[in-house]
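Listed below are the residues making up each chain.
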Amino acid sequence: MNTTPSGDISFYGVLKRNISATMIEKAVEEIRSLGFTVIPSGLSDAELKMISERFDFLYLEYTKKFGENYLENIDEHNTLRLPLAFDSCFLNLAVNSNVIEIISRLIVGKFILNQQNGIINPVGKIYNQGAWHRDLPYQHFVSSTPLAINALFCVDEFNLSNGATHVLPASHKQESFPSDAYIMKNEVQVKAAAGSFIVIDCMAFHRGGNNLSDKNRRAVNHVYTIPLMKQQIDIPALLGSMDLDDKIKDLFGFKYKVPQSIEAFLSSRKLINL
Ligand SMILES: O=C(O)CCC(=O)C(=O)O
């Protein structure tokens, strides 16, 4: 019989075992197995307060710019697309070191930021993230390693009364969306403190819960994917000449722009010295 160093868990017949000691390793193990976990962002209270204030300010500007009715008619209400283009505190969220470390262990090879969205789970109204979905919608494959990961930053606390996220554990390992009975028996609601990230394998089914509280519940999602998947919005084009360091440019997909011509494609190839 074997035991862990702390002596808590006994087992036999085991030849292979995961060892997860650090917060990052534990998170990676949970995401691989269950499809989700909660991690701290490491942000201070002052930074969180700033994000909360800037979120409300930007959302107001955004709805003024595009029009509330128009956004509602195209099912884009309660959503703020790519806030990092307007405010550096959202850019900092997208490059959070805990998130990037976890993603770099989960996605094999290069990955890019595919999208960032401020999202609001409104009080007493239908939430457009409130139906079960995968973040790679219409997809029913099972992948041996993740191709896309969502890091959902909790601007507000996620609790049972304000509609904390529902997740179906291990559903990233099944092709089909399960039956009603299976969902009702196996779904879990993920509570998380304000300032933490809920990190989800994009193939795990999830949905926002019903917000029964008296305050809208805000979050910022970040989908990171292999570069083969196209971004939701062309981030390099939108950020244009913004002064960014090379690591951030890589993460935002500057190296993976689609060449506009055969000439541009050819000149993007490296010269081979024979
Ligand atoms: O707000 C939530 O609880 C879920 C958000 C969500 O479904 C998403 O970001 O894809």
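Notes on the structure follow.

Reading the values: the criteria
- Residues numbered from 1 in each chain as written.
- Predicted model: local features only at pLDDT ≥ 70, side-chain atom pairs only at ≥ 80, totals over all residues.
- Heavy atoms only, no water.
- Helix = DSSP H or I, 4+ residues; strand = E, 2+ residues; numbered from the N terminus.
- Rg over C-alpha atoms; globule rule 2.2 N^0.38 Å.
- Contact = heavy atoms within 4.5 Å.
- Lys, Arg positive; Asp, Glu negative; His and termini not counted.
- Charge placed at Lys NZ, Arg CZ, Asp CG, Glu CD.
- Phe/Tyr/Trp six-rings, centres within 6.5 Å; stacked < 30°, edge-to-face > 60°.
- Buried < 20%, exposed > 50% of the residue type's maximum accessible area, 1.4 Å probe, protein only.
- Lys NZ or Arg CZ within 6 Å of the ring centre and 35° of its normal.
- Patch = residues over 30% accessible without salt bridge, like charges linked within 9 Å, V, L, I, M, F, W, Y side chains within 5 Å.
- Areas by Shrake-Rupley, 256 points an atom, 1.4 Å probe, with all protein chains shown as cover.
- Salt bridge = Lys/Arg side-chain N within 4 Å of Asp/Glu carboxyl O.
- Axes fitted to C-alpha atoms, helices over the stretch in contact; angles between N-to-C directions.
- Parallel < 35°, antiparallel > 145°, perpendicular 65-115°, else oblique.
- Left-handed = near helix turned anticlockwise from the far one by under 90°.
- Nonpolar A, V, L, I, M, F, W, Y, C, P; charged D, E, K, R; others polar.
- Arc of directions from axis to C-beta.
- Near = heavy atom within 4 Å.
- Polar contact = N/O pair within 3.5 Å; in protein donor to acceptor, adjacent residues only side chain to side chain.
- 1 Å grid on protein atoms, 1.4 Å probe; cavity = no way out; pocket = protein on both sides within 12 Å on 5 of 7 lines; lining within 4 Å.
- Sits in = over half its atoms within 2 Å of the grid points.

1. Digging into the overall build of the chain
So, step 1. Broken down by element type, the chain carries nine helices and eleven strands.
So, step 2. For 274 residues, the compact-globule estimate of 2.2 N^0.38 gives 19 Å, and the chain sits close to it at 20 Å.
So, step 3. On the principal axes, the C-alpha backbone points of the chain span a range of 65 × 60 × 40 Å.
So, step 4. Across the chain, every contact between residues at least 6 apart in sequence was considered, and the portion connecting residues at least 24 apart equals 81%.
So, step 5. Computed over 27 positive and 29 negative side-chain charges, the inter-centroid distance for the chain is 5 Å.

2. Side note on the packing of aromatic side chains
So, step 1. Applying the stated rule across the entire model yields four aromatic pairs.
So, step 2. Plain terms: the ring middles of Phe-111 and Tyr-224 are 6.4 Å apart, the flat faces sit at 80° to each other, and that makes the pair edge-to-face. Note that Phe-111 is positioned in the loop between helix 5 (97-106) and strand 5 (112-121) and Tyr-224 in strand 11 (residues 217-225), a separation of 113 residues in sequence. Note on accessibility: Phe-111 and Tyr-224 belong to one class, buried.
So, step 3. Its guanidinium or amino end placed over the ring of Phe-158, Arg-217 lies 3.7 Å from that ring's centre, counting from NZ or CZ.

3. A short note on a nonpolar patch on the surface
So, step 1. Taken together, Phe-66, Tyr-70 and Ile-74 make up a surface patch of nonpolar side chains, about 290 Å² in accessible area.
So, step 2. Mapped onto the elements of the fold, Phe-66 is located in helix 2 (residues 45-66).
So, step 3. On the basis of relative accessible area, Phe-66 is assigned to the partly exposed category, the value being 36%.

4. Structural notes on the packing of helix 1 (residues 23-34) against helix 5
So, step 1. For the pair helix 1 and helix 5, interaxial distance at closest approach is 10 Å and the crossing angle is 50°. In this view, helix 1 runs oblique relative to helix 5, as classed from their interaxial angle. For the element pair helix 1 and helix 5, the recorded crossing hand is right-handed. Counted together, Met-23, Ile-24, Glu-25, Ala-27, Val-28, Ile-31 and Arg-32 of helix 1 and Asn-98, Glu-101, Ile-102, Arg-105 and Leu-106 of helix 5 form the full contact between these two elements.
So, step 2. A breakdown of the residues in the contact of helix 1 with helix 5 according to their chemical character gives seven nonpolar, one polar and four charged.

5. As for the pattern of salt bridges
So, step 1. In the structure shown here, the tally under the stated rule is nine salt bridges.
So, step 2. A salt bridge links Asp-87 to Arg-54, with the nearest nitrogen and oxygen atoms 2.3 Å apart. Linking Asp-87 in the loop between strand 4 (79-81) and helix 4 (88-94) with Arg-54 in helix 2, this pair joins segments that are 33 residues apart in sequence.
So, step 3. Taking relative accessible area as the criterion, Arg-54 reaches 29% and is therefore assigned partly exposed.
So, step 4. As a salt-bridge pair, Lys-255 and Asp-250 come within 3.3 Å of each other at their nearest N and O atoms.
So, step 5. A network of salt bridges, in which partner residues are shared, links Asp-56, Asp-156, Lys-215 and Arg-218.

6. Focus on the environment of Ile-235
So, step 1. Along the chain, Ile-235 turns up in helix 7 (residues 235-239).
So, step 2. Classification of Ile-235 by relative accessible area gives buried; the value is 0%.
So, step 3. Sequence-wise, Ile-235 and Asn-114 are 121 residues apart; in three dimensions their C-alpha atoms are separated by 8.2 Å.

7. Notes on helix 5
So, step 1. Regarding helix 5, the residues found buried are Asn-98, Val-99, Ile-102, Ile-103 and Leu-106. The buried residues of helix 5 all sit within an arc of 125° when viewed along its axis, so they share a single face.
So, step 2. On the buried face of helix 5, the contacting elements are helix 1, strand 3 (36-40), strand 6 (148-154), strand 9 (196-201) and strand 11.

8. A look at the site of the ligand
So, step 1. Lining the immediate surroundings of the ligand are 13 residues, of which Tyr-127, Asp-135, Thr-165, Arg-217 and Asn-221 lie closest.
So, step 2. Note that an oxygen atom of the ligand is positioned 3.0 Å from one of the side-chain N or O atoms of His-133.
So, step 3. Taking Thr-165, its side chain carries an N or O atom lying 2.7 Å from an oxygen atom of the ligand.
So, step 4. Contact with the protein chains hides 99% of the accessible area of the ligand, taken as 290 Å² for the molecule alone.
So, step 5. When each cavity is represented as a set of grid points, the ligand is found to reside in the largest pocket.
So, step 6. Those elements that provide at least two residues to the shell around the ligand are strand 6 and strand 11.

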